[in-house]
Amino acid sequence: MTLRQKHGNDQVVASDIREGNDSLMESGPFEILDATDYDALEEVIAYYDISEVYLMAAMLSATAEKFPMRAWNLNMNSLFNVLNLGKEKKIDTIFWPSSIAVFGPNTPKEDTPQNTIMEPSTVYGISKQSGERWCEYYFNKFDVDVRSIRYPGLISWKTMPGGGTTDYAVEIYHKALAQGEYTCFLKEETALPMMYMDDAIRATLQLMEANEENIKIRSSYNLAGMSFTPGEMTKSIQNELPNFKTNYEPDFRQAIADSWPSSINDSNAQQDWGWKAAFDLEKTTKEMLGNLK
Ligand SMILES: NC(=O)c1ccc[n+]([C@@H]2O[C@H](COP(=O)([O-])OP(=O)(O)OC[C@H]3O[C@@H](n4cnc5c(N)ncnc54)[C@H](O)[C@@H]3O)[C@@H](O)[C@H]2O)c1
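This is a predicted model, so every value here is computed, not measured.

A. Seen up close, the site of the ligand. The ligand sits among 22 residues. The nearest are D16, D34, A35, Y124 and L154. For the ligand, an oxygen atom lies 2.5 Å from a polar atom in the side chain of Y124. In this structure, an oxygen atom belonging to the ligand sits 2.8 Å away from a main-chain N or O atom of L154. Expressed as a share of its isolated accessible area of 840 Å², the protein-covered part of the ligand is 79%. Among the secondary structure elements, those contributing two or more residues to the shell around the ligand are β5 (98-99), α6 (123-142) and β8 (153-155).

Right, here's the structure in full:
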C-alpha cells in the first residue's frame, strides 16, 4: 500500500497465491499467482511491464518446522524464479527479505555483528541463509541488482502474524484489548530483536531508493529496531491497561527463539544508506493499542 501511495495505484501490481484484503484488492491491480511457477510469474511481469519485484512470499519459522520440504521448496524456488528473471534482464531490481533466523546457537547473542558465525538450526533459517548466498552470487556473477534486509520480528496492527516465532508480539495486543489476558508461548525473559512495521517499510524503501554504489552488502543487511522480552512488553501494555496479565506456557517455539540473537548491530545499514529506527517499545505499544482499539 505504501508503494501504491508513492508511485500511483495503477503502478503497483499486488499478488499472492490467495486473495488479499479489500483495500489491497480494490486499490489497484491484483494477480493470483504461485511464486514457485516461473512461467506464470514471467507472464505477469511481461503483461504489466514490471521492472521491480518485492518477493515477500515465504513459509515462516514456526510453520516451516512442521512442513520442512514445503518450506524449502517455496522459500528457495520463489527466490530462484525472481533471481533468474533478473539474470535474464526481464526485471531491473529485486527486494527479498532475509531474517534474523539466519543466525544460530553459535552466533554471539548480544549486538550480533553483520559478519559472524551463523549456522542456523531451523528449516526457515537454513533457507534464508542459502537465499542470502544466492543473492550475493547472482549479483557477483550476473549483475542482478538484488537488495535485502534481515528483518527482525515485525509488529503490525494491519495484518495478523503469519506463523513466525515472534508472533506473540502482535497477538499480545489483540488479546490485551479483547480479553485483558494473554498466554505467551515464549518465556518471560526471552529477548528478541523486533521492529514496528512503519520502520520496516521505511527501511525497505530507503534501501531500494539508495544509489547502487552505496549498497555494499549484497547478501543481506542487519537491521535493528528494538529488543525486548515478553515480560517487558507486558509492562509496557500495563502502562496503558493496568489490569492486563500475561501467563507463560513455552512451546516448541522457545527452542527457535533461544537459537536467535537478542539484539542486532546494524552499523553497516546506518553507514551505507543512512538507516535509523524511529520506534521503541513504548511508542509501538501506544500505536498498536491506539490503532487496534
Ligand atoms: N513477519 C516477520 O516478523 C518477518 C521477519 C523476518 C522476515 N520476514 C520475511 O518477510 C516476508 C513476508 O513475511 P510475512 O510476515 O508477511 O509472511 P506471511 O506468512 O504473513 O505472508 C506470506 C504470504 O505469502 C503467500 N504465499 C504463500 N505461498 C505462496 C506462493 N506459492 N506464491 C505466492 N504467494 C504465496 C501467503 O499467502 C502469504 O500471504 C517473508 O519472506 C518472511 O520470511 C518476516
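B. Local environment of the nonpolar core. Residues I155, Y168, Y173, M194, F228, M233 and I237 are the most contacted members of the largest nonpolar core, which totals 38 residues. For this core, the secondary-structure elements that each account for two or more residues are α6, α7 (168-178), β9 (181-184), β10 (192-196), β12 (226-228), α9 (230-238), α10 (253-258) and α12 (281-292). For this core, the element with the most residues is α7, which contributes six residues. The residues contacting F228, other than those within four sequence positions of it, are I155, Y168, A169, T190, A191, L192, M194, M233 and L281.

C. Local environment of the sheet that holds β12. Reading across from one edge, β8-β10-β12 is the order of the three strands in this open sheet, with mixed pairing throughout. A single partner strand is all that each edge strand has here, and the edge strands are β8 and β12. Between one strand axis and the next, the sheet turns through 40 degrees on average, direction left out of account. Lying on the sheet, α7 is in contact with β8, β10 and β12; it crosses β8 at an angle near 25 degrees. Each of β8, β10 and β12 is contacted by α12, which is oriented at about 50 degrees to β10, the strand it contacts most.

D. Broad picture of the pairing of β10. Across the five residues of β10, five count as buried, placing the element largely inside the fold. Residues L192, M194 and Y196 of β10 are buried on one face, and the alternating residues P193 and M195, pointing to the opposite face, are buried as well.

E. Spotlight on the packing of aromatic side chains. Applying the stated criterion to the full structure yields 13 aromatic pairs. Here Y54 and F95 contribute two aromatic rings whose centre-to-centre distance is 5.8 Å and whose plane-to-plane angle is 40 degrees, an arrangement assigned as tilted. Taken together, the positions of Y54 in strand β3 (residues 52-54) and F95 in strand β4 (residues 93-95) put the pair 41 residues apart, joining distant regions of the chain. On the basis of relative accessibility, which here comes to 22%, the residue Y54 falls in the partly exposed class. For the ring pair W134 and Y138, a centre distance of 6.4 Å and an interplane angle of 65 degrees mean the geometry is edge-to-face. Here Y138 and W134 lie together in helix α6, a separation of four residues that amounts to about one turn. An aromatic cluster is built from F80, W134, Y137, Y138 and F142, whose rings are joined through pairwise contacts. Here the basic side chain of R70 rests over the ring of F67, its NZ or CZ set 4.5 Å away from the ring centre. The side chain of R253 reaches across the aromatic face of F185, ending 3.6 Å from its centre.

Quick notes on the rules
Residues numbered from 1 in each chain as written. Predicted model: local features only at pLDDT ≥ 70, side-chain atom pairs only at ≥ 80, totals over all residues. Heavy atoms only, no water. Near = heavy atom within 4 Å. Polar contact = N/O pair within 3.5 Å; in protein donor to acceptor, adjacent residues only side chain to side chain. Areas by Shrake-Rupley, 256 points an atom, 1.4 Å probe, with all protein chains shown as cover. Helix = DSSP H or I, 4+ residues; strand = E, 2+ residues; numbered from the N terminus. Core = buried A, V, L, I, M, F, W, Y, C linked by side-chain atoms within 4.5 Å. Buried < 20%, exposed > 50% of the residue type's maximum accessible area, 1.4 Å probe, protein only. Contact = heavy atoms within 4.5 Å. Pairing = 2+ DSSP bridges. Axes fitted to C-alpha atoms, helices over the stretch in contact; angles between N-to-C directions. Phe/Tyr/Trp six-rings, centres within 6.5 Å; stacked < 30°, edge-to-face > 60°. Lys NZ or Arg CZ within 6 Å of the ring centre and 35° of its normal.

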